[in-house]
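Examination of the molecular architecture
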Amino acid sequence: MNRNIARWLLAIGVAAALMVAPVMAQDPLGAGEGQPVIWGNFGGDIATTNPILVNDGGSADVVNRLYPVFIGTDPETALEVPGAARSLATDWSYSDDGLVLTVKLRDDWTWSDGTPITSADVKYAYDAIMSGDVDTPIASTLTNVVSLEAPDATTVVITYATADCTAVTTATNIPVVPANYYQSLYPTFADMTAEAEANLNPEVTAGPFKFANFRAGEQVTLLADQNYPDSAVGYVVPEGWVYKTVADQLVEYEQFLNGQISYVASTPEDREADARERAANGEFTLIDRPAGGWQILLFNVANPANPQPGLDEEGNPIEQDPHPILSSLNVRKAITHAIDHSALNEGAFSGTGRPVGGPMLPQSWAYNANIAPYEYDPALSIQLLEEAGWVDDDGDIETPRVATDAVGTVPAGTPLVLTMTTFTGNLSVDSSSVLIQDQLKQVGIQMNLDIIEFSPMLDKLVGQTYDMLMVFWGVTATAPQDMYDQLAQEADIPGAGFNTGSFSNPEFDALMKEARSLPGCDQAERKALYDRAQEIINDNVPYYLVNTSIVPVLFQTSIENVDPKTNSLTYNLPSWSIR
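Predicted, not measured: the structure shown is a model, and the values here were computed from it.

In terms of strand pairing, strand E6 (residues 209-215) meets strand E7 (residues 219-224) through six bridges, oriented antiparallel. Paired with Asn 213 across the bridge in E7 is Thr 221.

For the pair helix H14 (residues 506-517) and helix H15 (residues 523-540), the least separation of the axes is 9 Å and the interaxial angle reads 160°. Considering the angle they form, H14 stands roughly antiparallel to H15. H14 and H15 meet at a crossing whose hand is left-handed. The residues of H15 that touch H14, namely those facing Glu 507, Phe 508, Leu 511, Met 512, Glu 514 and Ala 515, are Arg 526, Leu 529, Tyr 530, Arg 532, Ala 533, Ile 536 and Ile 537. The class makeup of the residues in the contact of H14 with H15 is nine nonpolar, no polar and four charged.

To continue, consider the packing of aromatic side chains. One pass over the structure, following the stated rule, counts 19 aromatic pairs. Consider the rings of Trp 241 and Tyr 243, whose centres lie 5.1 Å apart with planes at 15°: the pair is stacked. Assigned by exposure class, Trp 241 and Tyr 243 land together as buried. Ring centres 6.1 Å apart and planes at 55° place the aromatic pair Tyr 263 and Trp 576 in the tilted group. With Tyr 263 in strand E9 (residues 263-264) and Trp 576 in the loop between strand E19 (559-560) and strand E20 (577-578), this residue pair connects regions lying 313 residues apart in the sequence. Accessibility expressed as a relative area gives 6% for Tyr 263, which makes it buried. One cation-aromatic arrangement involves Arg 65 over Trp 241; the distance from NZ or CZ to the ring centre is 5.3 Å.

Pairing in this open sheet of four strands is antiparallel, and the strands run E2-E3-E5-E4 from one edge to the other. Only two strands of the sheet have a single partner each, and these edge strands are strand E2 (89-94) and strand E4 (145-152). Across the sheet, the mean angle separating the axes of adjacent strands is 20° when strand polarity is ignored.

What follows covers the pattern of salt bridges. Applying the stated rule across the entire model yields 19 salt bridges. Between Asp 270 and Arg 271 there is a salt bridge whose closest N-O contact spans 3.4 Å. In this structure Arg 271 comes out as partly exposed when scored by relative accessible area, which is 24%. Taking the shortest distance from any N to any O, the salt bridge between Lys 565 and Asp 563 comes out at 3.6 Å. Through salt bridges with shared partners, a single ionic network connects Arg 106, Asp 108 and Asp 230.

Residues Asp 392, Asp 393, Asp 394 and Asp 396 make up a contiguous surface patch of negative charge. One can find Asp 392 in the loop between strand E13 (390-391) and strand E14 (402-403).

Turning to the state of the cysteines, a few remarks are in order. Counted according to the given criterion, the structure contains one disulfide. Across a sulfur-sulfur distance of 2.1 Å, Cys 165 and Cys 521 are joined as a disulfide pair. With the S-S dihedral at roughly -95°, the linkage between Cys 165 and Cys 521 falls on the left-handed side. Pair noted here: Cys 165 is in the loop between strand E5 (155-160) and helix H4 (167-171) and Cys 521 is in the loop between H14 and H15, with a separation of 356 residues, a long-range link.

With respect to the secondary-structure elements, Tyr 126 resides in helix H3 (residues 119-130). Sequence separation between Tyr 126 and Val 177 is 51 residues; the distance between their C-alpha atoms is 9.9 Å. Aside from chain neighbours lying at most four places away, what touches Tyr 126 is Leu 142, Val 145, Val 146, Ser 147, Leu 148 and Ile 174.

Of note in this structure, Arg 86 is not a glycine but carries a positive phi near 65°. Judged by its relative accessible area of 15%, Arg 86 is buried. In this structure, Ser 502 is a non-glycine residue whose phi angle is positive, near 60°. Along the chain, Ser 502 turns up in the loop between helix H13 (482-487) and H14. Residue Ser 502 is classed as buried on the basis of its relative accessible area, which comes to 4%.

What counts as what
Residues numbered from 1 in each chain as written. Predicted model: local features only at pLDDT ≥ 70, side-chain atom pairs only at ≥ 80, totals over all residues. Heavy atoms only, no water. Pairing = 2+ DSSP bridges. Helix = DSSP H or I, 4+ residues; strand = E, 2+ residues; numbered from the N terminus. Axes fitted to C-alpha atoms, helices over the stretch in contact; angles between N-to-C directions. Parallel < 35°, antiparallel > 145°, perpendicular 65-115°, else oblique. Left-handed = near helix turned anticlockwise from the far one by under 90°. Contact = heavy atoms within 4.5 Å. Nonpolar A, V, L, I, M, F, W, Y, C, P; charged D, E, K, R; others polar. Phe/Tyr/Trp six-rings, centres within 6.5 Å; stacked < 30°, edge-to-face > 60°. Buried < 20%, exposed > 50% of the residue type's maximum accessible area, 1.4 Å probe, protein only. Lys NZ or Arg CZ within 6 Å of the ring centre and 35° of its normal. Salt bridge = Lys/Arg side-chain N within 4 Å of Asp/Glu carboxyl O. Patch = residues over 30% accessible without salt bridge, like charges linked within 9 Å, V, L, I, M, F, W, Y side chains within 5 Å. Areas by Shrake-Rupley, 256 points an atom, 1.4 Å probe, with all protein chains shown as cover. Lys, Arg positive; Asp, Glu negative; His and termini not counted. Charge placed at Lys NZ, Arg CZ, Asp CG, Glu CD. Disulfide = S-S within 2.5 Å.

Written out as structure tokens, the structure reads:
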């Protein structure tokens with residue numbers, strides 16, 4: 001799976017280390033001689049192994065082990081580089097006008113059925129994504145691409161509508177799939193549905209591992225593929241990779257302590273002190289990482305009973321049916337000022353949380369450090385609600401405020417009741433959900449909790465059928481264009497786009513497009529545009545950034561040859577040795 005799609009996939013990702021050092025470097029075992037690497041998965045069963053269809057973190061974890069990527073990144077810098085491991089691109093160049101990107105591919109890699117991996121595999125994926133017949137979130141990230149051609153087996157030519165400072169980054173969103181095999185699985189692109197049986201039983205892959213089996217509610221099992229050419233030691237050391245389904249983070253941690261899991265990407269907040277003490281005693285290795293995203297509370301400003309795309313087929317804005325309550329900016333602001341982050345940090349994050357201001361990672365070059373997190377101010381929250389027409393008519397904190405007069409589409413006397421959807425299995429989400437529910441109650445907002453399994457939550461998210469929804473949202477410090485892909489009007493596509501709350505602001509869209517196509521791509525000039533775009537997001541409150549944090553990542557001491565880099569701990573997993 002390419003990193004740019006994976007960063008949005010609602011998993012608890014980690015990136016950009018505070019400090020790293022080589023860990024457990026020893027001579028590796030032979031090909032396939034290492035014990036299987038076992039990861040925990042508490043997000044529910046995977047949905048697919050088709051890279052074109054992936055929109056959840058669990059599926060992305062599996063896809064990352066099974067397929068090559070088009071353009072790869074350096075694990076230290078997270079920047080796109082020619083010849084990166086598990087990637088096809090060996091070089092690229094631009095036309096003089098900046099509109100055409102030509103990418104040269106390697107010719108030494110085959111799919112597991114012996115078919116060479118070529119430019120046709122990239123073109124097939126692109127054609128499927130842009131066909132309009134496949135529900136995929138990738139399409140909304142490629143709107144500046146006019147065409148993708150494969151003039152020969154080792155060349156891909158991408159033409160953009162405008163010169164694009166993010167052209168290579170955009171291109172990394174295009175997956176690589178076995179075109180011949182997929183054509184037999186899906187006679188037409190319309191046949192490439194989430195329900196297709198082959199999605200969970202891939203027979204042709206080309207990663208460091210190949211598919212063995214998927215057992216619902218138990219695990220995904222992959223076996224070493226010794227045809228993989230990019231392992232640092234020349235072969236794949238682990239016998240296999242197992243993605244083990246566990247009930248929640250706490251169960252994952254306990255199984256790690258019992259030696260049943262090899263690697264934990266995020267330690268439960270209420271077990272952090274225990275983990276640090278055990279690591280100090282040499283029971284396992286712990287590495288601190290800033291989270292590669294946020295816990296985020298999304299607001300749907302459109303009516304969840306009537307989801308509409310942001311644009312019609314001609315690119316004209318579609319007037320949205322407004323959310324009866326959350327379309328009010330004052331209500332959204334009132335919610336943010338009613339949330340006490342310090343209480344959340346103590347009660348849900350065990351002191352590891354960081355309040356977030358601007359909608360970019362603090363370690364990003366484009367982060368606007370002048371934007372402060374929303375201040376906890378329940379008095380201001382109450383004032384904003386009353387200005388919006390929601391009053392306390394009985395003085396009872398146990399009952400919600402009501403609309404005294406008609407508020408937008410809401411009749412007088414309607415109680416201020418909203419539903420927040422989230423997923424089971426994560427302790428910080430469980431705790432913070434209850435705390436936020438109580439904090440909103442203090443200002444007269446009744447927030448009901450809709451806590452469901454991850455997959456149905458994802459359906460509500462992408463389908464835009466929620467009021468509020470809390471989840472983890474991954475971003476990349478090197479790619480400020482994430483903001484556009486998440487909030488642009490053209491990314492408002494029910495069932496496929498990432499702008500699931502139907503946010504719309506023409507100035508924001510224009511600034512992000514200007515930063516993307518700025519002649520010369522001067523970073524300082526682009527940052528000024530991104531700074532203003534972040535101010536617009538902060539002013540219009542399409543979501544509340546609940547938290548980002550320092551994440552302790554755990555490795556069993558039995559794992560040898562882990563080589564952590566600033567932006568990836570697991571890039572060299574094919575070389576890990578477990579004796």
